[in-house]
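Structural overview for review
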Protein chains: 2
Amino acid sequence: MPYKDKEIEKLYYTIGEVSSMLNLNASQIRFWDKQFEIIKPHKNKHGNRLFTTKDIEAIAKVNELINEKGFTIQGARQYLEQSPEMFDDKREQAIAYLRLLKEKLSLLQE
Amino acid sequence: MPYKDKEIEKLYYTIGEVSSMLNLNASQIRFWDKQFEIIKPHKNKHGNRLFTTKDIEAIAKVNELINEKGFTIQGARQYLEQSPEMFDDKREQAIAYLRLLKEKLSLLQE
DNA sequence: GAAAATCATGCCGTACAAAGACAAAGAAAT
DNA sequence: ATTTCTTTGTCTTTGTACGGCATGATTTTC
């Protein structure tokens, strides 16, 4: 089977790969690794981090919360804990939207 | 007319009143006043702040965003800008908006 | 005189970034 | 082949800049 490796998705990514993938400083990724439970890379024999795609998604989410939406680390952590369906953004938005509708409707009915 | 003032809602509140109402330090309120456009108390001739209920609601909202939800000042500002309808109290607009929401809701309920 | 204001400065924690040290992986030289 | 050098990537630890108020100091208003 030629080219076999090239067609198989990698299981693990190094911190450098993740760093350039997401355009984030490696030290920042290490820092978040300490701060967020959802980022839990494996480590090889000498302590190097091995990230799965799940880890990478988690890092991307943290990045969004902190650098785009303007949460503190604490706030992001809290946000993530409160929405276990966190990686389903559509659902999240829909729920928020419905909540808003419900509120406003109850006001309307006076 | 006895007790007249006690039964009429105040138009303006001093910073001390707001401070104890919301259990916030006055310096923090002054600071937020500088940071958030939606907090815009009137000032009397010699500069004392006069807060309306609208201002107080705005402060309460900022407090919620920062101290409960964990936004940074920047993030809270950005959040508030992205949902202007929340503090737009003009009745007519609100009603028109609710009518729209109702429509959408009936669509959603299928 | 208690509470308001405006500065200025102080200060503490957060959120990284830089520093320093070590390991692995080629080239180059012996 | 093995040693040495250099580069590159990773690690942990420590430093630091900035955000977010708090605290005077001083003056004025209620």
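Provided above is the structure to which this section pertains.
A brief report on the enclosed structure follows. Just so you know, these numbers come straight off a predicted model, no measurement behind them.

Further remarks concern the packing of aromatic side chains. What the rule picks out here adds up to three aromatic pairs over all chains. Measuring from ring centre to ring centre gives 5.5 Å for Phe71 of chain A and Tyr79 of chain A, while their planes differ by 50°; the resulting arrangement is tilted. Accessibility classification places Phe71 of chain A together with Tyr79 of chain A in one group, the buried group. Through pairs of rings, three or more aromatic residues link up here, namely Phe71 and Tyr79 of chain A together with Phe71 and Tyr79 of chain B. The cationic tip of Arg77 of chain A hangs over the ring face of Phe36 of chain A; the distance from NZ or CZ to the ring centre is 5.9 Å.

Take the protein's contact with DNA strand C next. Neighbouring residues of DNA strand C: 17 residues in total, closest Ile73 of chain A together with Gly16, Arg30, Lys43 and Arg49 of chain B. Sugar and phosphate atoms form 82% of the subset of DNA strand C atoms that lie within 4 Å of the protein. Backbone polar atom of Ile73 of chain A to a phosphate oxygen of DNA strand C: 3.0 Å apart, as the coordinates give it. Contact between DNA strand C and Arg30 of chain B: a phosphate oxygen at 2.7 Å from a side-chain N or O atom of the residue.

Another aspect to go through is the environment of Ala60 of chain A. Relative to the helices and strands, Ala60 of chain A resides in helix α3 (residues 53-68). Residues Ala60 of chain A and Lys43 of chain A, spaced 17 residues apart in sequence, show a C-alpha to C-alpha distance of 20 Å.

Moving on to the protein's contact with DNA strand D. Near DNA strand D, the surroundings consist of 18 residues, among which Thr14, Arg30 and Arg49 of chain A together with Gln28 and Ile73 of chain B are the closest. Considering DNA strand D, the proportion of its atoms within 4 Å of the protein that are sugar or phosphate atoms stands at 81%. Within the backbone of Gly47 of chain A, one N or O atom sits 3.4 Å away from a phosphate oxygen of DNA strand D. Those elements that place two or more of their residues in the surface near DNA strand D are α1 (15-22) and α2 (26-35) of chain A together with α3 (26-35) of chain B.

What counts and how
- Residues numbered from 1 in each chain as written.
- Chains lettered and ligands numbered in written order.
- Predicted model: local features only at pLDDT ≥ 70, side-chain atom pairs only at ≥ 80, totals over all residues.
- Heavy atoms only, no water.
- Phe/Tyr/Trp six-rings, centres within 6.5 Å; stacked < 30°, edge-to-face > 60°.
- Buried < 20%, exposed > 50% of the residue type's maximum accessible area, 1.4 Å probe, protein only.
- Lys NZ or Arg CZ within 6 Å of the ring centre and 35° of its normal.
- Near = heavy atom within 4 Å.
- Polar contact = N/O pair within 3.5 Å; in protein donor to acceptor, adjacent residues only side chain to side chain.
- Helix = DSSP H or I, 4+ residues; strand = E, 2+ residues; numbered from the N terminus.

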